[in-house]
Amino acid sequence: MEKAKAAGIPVFCIDREINSTNAAVSQILSDSYSGCVKLGQYFVKTVGKEGEYAELLGIVGDNNTWNRSKGFHSVVNRYPGLKMVAQQSGDFDRAKGLEVMQSILQAHPNIKAVFCGNDAMAMGAYQALVSAGKDKQVKVFGFDGADEVVRMIAEGKIAATGMQFPKTMARKSAEFADEYIKGKRDFPQKVPVAVELVTPENVAKYGDYGKK
Amino acid sequence: MRAVRWIIAIAIIAVVCWLFPLFHVVPLKKVKAEQAATAFNATRFAENFWTNQLLPSLNKAVKAGVLLPAIQADPAAAKKKYARSVGLSDAYFYFLSGTGRVVSVSDDAISLAVTDGTTNAEISLQTGLIFGDAIRDGTGLLNASDYPNSQDFNDISAALDHLVETRVLPGLRQQAKPGAKIFFAGCAEVDDESTDLKPLNVIPIQTKAE
């Protein structure tokens, strides 16, 4: 990014944050933390204030991973009856999520829920639960708003996700780039994009990576 | 002769390694202490912000006696005039203050009637567990663009919410008896324009019994 800037190439970041306020022209980022605060509140509402649960983290070096985890835990950790019995990385990957969930289920067969740092891992975790015959026992929470997961929420297979609005982020980045080409230079360094909670109660409003 | 050459070579290598070691052994405690010293301390930041910026800014909050009638008359116009939003979002914030009479008290909220003559709950001061970004984002004093790492900016939210729980709510719960008159200043987060604002849920920053 610094090299691109030095070469006079303007860079607009979408979704993935860089820890700098002067390398990119602007960073348009999902507000993962706030989205996961909402997910955490819904988690407590639907799972209850007691019980064991697991967490599948994303890539451990990624800000998104920790903003999501911290937002979720800022809520759930306030309820001492909710015990996290396993926290492992699934690298934001569906196959890895499945594999990690299988091993978690062997060690902790009584969990009531799993919070996944993205929807790919949530789908992998759900597959592992189906294989173990525990898909009715364990509630799965994802994050992204992937079309397949939105459908699974409507079918009652996944409890909730956070909708990230990637098309909104891409559109805003394109608009910023257009304004830059036309001479504008004063852009907000970081533009948080709200994440909305998608649940069985409101899932009809969502699809195609956004609101219908 | 050959042995001498070997000794000289080993001596040279030893001196080079002494001057330019291939690795350093550093106590883990020292590394952790250095990391802690340079890491952003959200708790300390929030305490300074609370005292030096947030409390002095309360006189800039819109008066509830102005905001509530404006919302009732035209919610969209009230939003345009008095609210602020952050980034791309349907959600928005009001930063408001006012005085109301306590009409009800529950485990996680104290309801106030602000308008003279009404007994309806118009403001609901949140007194349960405090979550979210209303205090951080509601006043416009803090900006995500000033923080290279968004994790630091998010930690500020949690630290400010903790200050509300520890500095504001204990006193408020003691003051809040039905019929008591209470001054409040705080922030309200509204999900979107379809949200029912009767009452308006406010996270208090300061309260006083009057």
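Refer to the structure printed above.
1. Points about the packing of helix α4 (residues 94-107) of chain A against helix α5 (residues 119-131) of chain A
Two quantities define a packed helix pair, namely the angle between the helix axes and the distance between the axes.
All names here are of chain A.
Okay, so step 1: One way to put it is that α4 packs onto α5 with a least axis distance of 7 Å and a crossing angle of 45°. Comparing the axis directions of α4 and α5 gives the class oblique. In the crossing of α4 with α5, the sense of the turn from one axis to the other is right-handed. Within the contact between the two elements, α4 uses Arg94, Gly97, Leu98, Met101, Gln102 and Leu105 and α5 uses Ala120, Met121, Met123, Gly124, Ala125, Gln127, Ala128 and Leu129.
Okay, so step 2: A class-by-class count of the residues in the contact of α4 with α5 yields nine nonpolar, four polar and one charged.

2. Describing the interface of chain B and chain A
Okay, so step 1: Between chain B and chain A, the contact holds 23 residues from the first and 29 residues from the second.
Okay, so step 2: Carbon and sulfur atoms make up 50% of the area that chain B and chain A hide from each other, which totals about 2,000 Å².
Okay, so step 3: Among the residues chain B hides against chain A, the three largest losses belong to Leu88, Phe131 and Gln151 of chain B. Together they make up 32% of the total.
Okay, so step 4: Linking chain B to chain A there are three salt bridges.
Okay, so step 5: Between Arg78 of chain A and Glu165 of chain B there is a salt bridge whose closest N-O contact spans 2.6 Å.

3. Topic: empty space enclosed by the protein
Okay, so step 1: Within the structure shown, the criterion is met by one cavity of 30 Å³ or more.
Okay, so step 2: Quantified by volume, the largest cavity comes out at close to 200 Å³.
Okay, so step 3: For the lining of the largest cavity, the secondary structure elements donating two or more residues are β2 (26-30), α2 (32-47), α3 (63-76) and β8 (190-193) of chain A together with α6 (134-138) and α7 (150-175) of chain B.
Okay, so step 4: Within the lining of the largest cavity, the residues separate by chemical class into seven nonpolar, six polar and five charged.

4. Some remarks on the pattern of salt bridges
Oppositely charged side chains may form a pair once their charged atoms are brought near each other.
Residue and element names in this part refer to chain A.
Okay, so step 1: Taken as a whole and judged by the stated rule, the model has 18 salt bridges over all chains.
Okay, so step 2: Glu179 is paired through a salt bridge with Lys184; the nearest N and O atoms lie 3.5 Å apart.
Okay, so step 3: What makes Lys184 partly exposed here is its relative accessible area of 36%.
Okay, so step 4: In the salt-bridge network here, residues are joined through shared partners; they are Asp15, Arg16 and Asp62.

5. Points about the nonpolar core
Okay, so step 1: Formed by 53 residues in total, the largest nonpolar core has its most connected members in Tyr94, Leu96, Ile123, Leu160 and Leu200 of chain B.
Okay, so step 2: With nine residues, α7 of chain B is the single largest residue contributor to this core.
Okay, so step 3: Contact partners of Leu160 of chain B, with chain neighbours within four places excluded, come to Ala46, Phe49, Trp50, Ile135, Arg136 and Leu142 of chain B.
Okay, so step 4: Among the nonpolar cores identified, the runner-up in size contains 40 residues, and Met121, Val140, Ala146 and Val150 of chain A belong to it.

6. A closer look at unusual backbone geometry
Okay, so step 1: Residue Lys198 of chain B is joined to Pro199 of chain B through a cis peptide bond whose omega torsion reads 5°.
Okay, so step 2: The residue Phe92 of chain A is not glycine, and still its phi comes out positive at about 65°.
Okay, so step 3: Within the secondary structure layout, Phe92 of chain A lies in the loop between β4 (82-89) and α4.
Okay, so step 4: Looking at Phe92 of chain A, the relative accessible area reads 12%, which means it is buried.

7. A few points about the sheet that holds β2 of chain A
All names here are of chain A.
Okay, so step 1: Judged by pairing direction, the sheet is parallel, and its three strands sit side by side in the order β1-β2-β8 without closing on themselves. Edge positions in the open sheet fall to β1 (12-14) and β8, since each of these has one partner strand only. The average undirected angle you get between the axes of adjacent strands in this sheet is 15°.
Okay, so step 2: Note: β1 against β2, three bridges, orientation parallel. Note on β2: the bridge partner recorded for Ile14 is Ile28.

8. What about α7 of chain B?
Okay, so step 1: Between its first and last C-alpha atoms α7 of chain B spans 37 Å; for 26 residues at 1.5 Å apiece the expected length is 38 Å, and the two agree.
Okay, so step 2: At Val168 of chain B, α7 of chain B shows its largest bend, some 40°, and a proline, Pro170 of chain B, comes one to four positions later.

Cut-offs used in this document
- Residues numbered from 1 in each chain as written.
- Chains lettered and ligands numbered in written order.
- Predicted model: local features only at pLDDT ≥ 70, side-chain atom pairs only at ≥ 80, totals over all residues.
- Heavy atoms only, no water.
- Axes fitted to C-alpha atoms, helices over the stretch in contact; angles between N-to-C directions.
- Helix = DSSP H or I, 4+ residues; strand = E, 2+ residues; numbered from the N terminus.
- Parallel < 35°, antiparallel > 145°, perpendicular 65-115°, else oblique.
- Left-handed = near helix turned anticlockwise from the far one by under 90°.
- Contact = heavy atoms within 4.5 Å.
- Nonpolar A, V, L, I, M, F, W, Y, C, P; charged D, E, K, R; others polar.
- Buried area = accessible area lost by both parts, 1.4 Å probe.
- Salt bridge = Lys/Arg side-chain N within 4 Å of Asp/Glu carboxyl O.
- 1 Å grid on protein atoms, 1.4 Å probe; cavity = no way out; pocket = protein on both sides within 12 Å on 5 of 7 lines; lining within 4 Å.
- Points joined across faces, edges and corners; volume = space filled by probe spheres on them.
- Buried < 20%, exposed > 50% of the residue type's maximum accessible area, 1.4 Å probe, protein only.
- Core = buried A, V, L, I, M, F, W, Y, C linked by side-chain atoms within 4.5 Å.
- Pairing = 2+ DSSP bridges.
- Expected span 1.5 Å × (residues − 1).
- Bend = angle between axes of the 7 residues up to and from the residue.

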